[in-house]
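Given next are the chains, with one letter for each unit.
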Amino acid sequence: MIRKDEARIDSRLLALHLKKKRHQDLFELVKRYEVKLLALGKVLFQTGASTGSSTGQRERFALLNEDQAFFVLTLSRNTPTVVDLNLKMIQAFGEARRAAQMRGVEYLPTYHALHDQIHALTAGSPNERFVHMNVNKLVNQTAGIEAGQRASATVPVQSMLAVAQAVAAKAMQQAPNHRTGFRQTKAALLALTKAALLALTQATMIGRTAA
């Protein structure tokens, strides 16, 4: 999960992947070494539903950054389970770094370009806020995500968001007003969705033929 642009792992999830280790044991380990963990960044503690509880019981857990998570793993025996978990964490945190990099290089510039264009067409209109919101919904639909999922989106989804925003910005730029711009944006993003689906279908067919 992403917290303030930093990838973190829930200590409950970490304990789950360690299989035989109870979360309470892992959490006590985190508390015992909290001072050392602080040298690797702030330890975020939260309270949430207890894993496996049917009575709504709540428990404290920690959200660990990459270095903290690997430090905690070094405190466990180097079993095959721990080795596998190390590999999974390296892959997951690597994916999070690539997504964060793409967000800064591709997603945010196209996001600002799109909404600057919307503002230029709607300046002074009482409906400006709704145009921004509705265009965001169209972009989310094109990328196949729900509201609130952009920050934690994977690399392919971040890429699709950037492309969709660039397409939408161009459609808005060519419109005389925001109403026409919205219609043109909707049509352009629908065409992008169809093109993406066609490309995916062709790639799947080529993959099956090669197999």
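Our subject is the structure that appears above.
Cut-off values and rules
- Residues numbered from 1 in each chain as written.
- Predicted model: local features only at pLDDT ≥ 70, side-chain atom pairs only at ≥ 80, totals over all residues.
- Heavy atoms only, no water.
- Pairing = 2+ DSSP bridges.
- Helix = DSSP H or I, 4+ residues; strand = E, 2+ residues; numbered from the N terminus.
- Contact = heavy atoms within 4.5 Å.
- Axes fitted to C-alpha atoms, helices over the stretch in contact; angles between N-to-C directions.
- Core = buried A, V, L, I, M, F, W, Y, C linked by side-chain atoms within 4.5 Å.
- Buried < 20%, exposed > 50% of the residue type's maximum accessible area, 1.4 Å probe, protein only.
- Parallel < 35°, antiparallel > 145°, perpendicular 65-115°, else oblique.
- Left-handed = near helix turned anticlockwise from the far one by under 90°.
- Nonpolar A, V, L, I, M, F, W, Y, C, P; charged D, E, K, R; others polar.
- Salt bridge = Lys/Arg side-chain N within 4 Å of Asp/Glu carboxyl O.
- Expected span 1.5 Å × (residues − 1).
- Arc of directions from axis to C-beta.
- Phe/Tyr/Trp six-rings, centres within 6.5 Å; stacked < 30°, edge-to-face > 60°.

Q: Explain the sheet that holds strand β3 (residues 9-10) to me, and be specific about the residues and the numbers.
A: In space, the three strands of this open sheet follow the order β3-β5-β4, with antiparallel pairing throughout. The sheet terminates laterally at β3 and β4 (44-49), the two strands that pair on one side only. Sheet topology note: the β3/strand β5 (residues 58-64) ladder contains two bridges and is antiparallel. Across the sheet, residue Asp 10 finds its bridge partner in β5, namely Leu 63. Contacting β4 and β5, helix α2 (residues 23-32) crosses the sheet at an angle of about 55° to β5. Where helix α4 (residues 66-74) meets the sheet, it contacts β3 and β5, and its direction lies at approximately 110° from that of β5.

Q: Tell me about the environment of Leu 63, and name the residues and values.
A: Along the chain, Leu 63 turns up in strand β5. Linking Leu 63 and Lys 42, residues 21 residues apart in sequence, is a C-alpha distance of 9.5 Å.

Q: Could you give an account of the nonpolar core, naming the residues involved and the relevant values?
A: Core analysis: the biggest nonpolar cluster contains 22 residues, and Leu 14, Leu 64, Val 72 and Met 89 have the highest contact counts within it. Where this core is concerned, the elements lending two or more residues are α1 (11-17), α2, β5, α4 and α5 (80-122). Residue contacts for Met 89: discarding those within four places in its chain leaves Leu 14, Ala 69, Phe 70 and Leu 73. In terms of nonpolar packing, the next biggest core, distinct from the first, is built from 21 residues, Val 139, Ala 143, Leu 161 and Met 172 among them.

Q: Which residues make up the packing of helix α6 (residues 128-143) against helix α7 (residues 155-173), and what values go with them?
A: Across the interface, α6 lies against α7 with an axial gap of 9 Å and an inter-helix angle of 135°. Looking at the two axes, α6 sits oblique to α7. At the point where α6 passes α7, the crossing takes the right-handed sense. Within the contact between the two elements, α6 uses Val 131, Val 135, Val 139, Asn 140, Thr 142 and Ala 143 and α7 uses Val 157, Met 160, Leu 161, Ala 164, Gln 165 and Met 172. Its residues assigned to classes, the contact of α6 with α7 shows nine nonpolar, three polar and no charged.

Q: I'd love a proper account of the pattern of salt bridges, names of residues and values included.
A: Per the counting criterion, the structure on display carries three salt bridges. Put simply, Asp 10 and Arg 12 hold a salt bridge, and the shortest N to O gap is 2.7 Å. Accessibility expressed as a relative area gives 18% for Arg 12, which makes it buried.

Q: Describe α7, and please don't skip the residues or the numbers.
A: Here α7 contains 19 residues, and its C-alpha end-to-end distance of 27 Å stays within 8% of the 27 Å for a straight helix at 1.5 Å per residue. Here α7 has its buried residues at Val 155, Val 157, Gln 158, Met 160, Leu 161, Ala 162, Ala 164, Gln 165, Ala 168, Ala 169, Ala 171 and Met 172.

Q: Account for α2, naming residues and giving values.
A: Side chains of residues three or four places apart in an α-helix project in the same direction, reflecting 3.6 residues per turn. Taken residue by residue, α2 has His 23, Leu 26, Phe 27, Leu 29 and Val 30 as its buried positions. With its buried residues spanning 155° around the axis, α2 presents them on a single face. For α2, the secondary structure elements touched by its buried residues are α1, α3 (34-38), β4, β5 and α4.

Q: How would you explain the packing of aromatic side chains if you had to name every residue and give the values?
A: Going through the model one piece at a time under the given rule, you end up with three aromatic pairs. Ring centres of Phe 27 and Phe 45 lie 5.8 Å apart, and the angle between their planes is 80°; this geometry places the pair in the edge-to-face category. Placement of Phe 27 in helix α2 and of Phe 45 in strand β4 is noted, with a sequence separation of 18 residues between them. Measuring from ring centre to ring centre gives 6.2 Å for Tyr 33 and Phe 71, while their planes differ by 75°; the resulting arrangement is edge-to-face.

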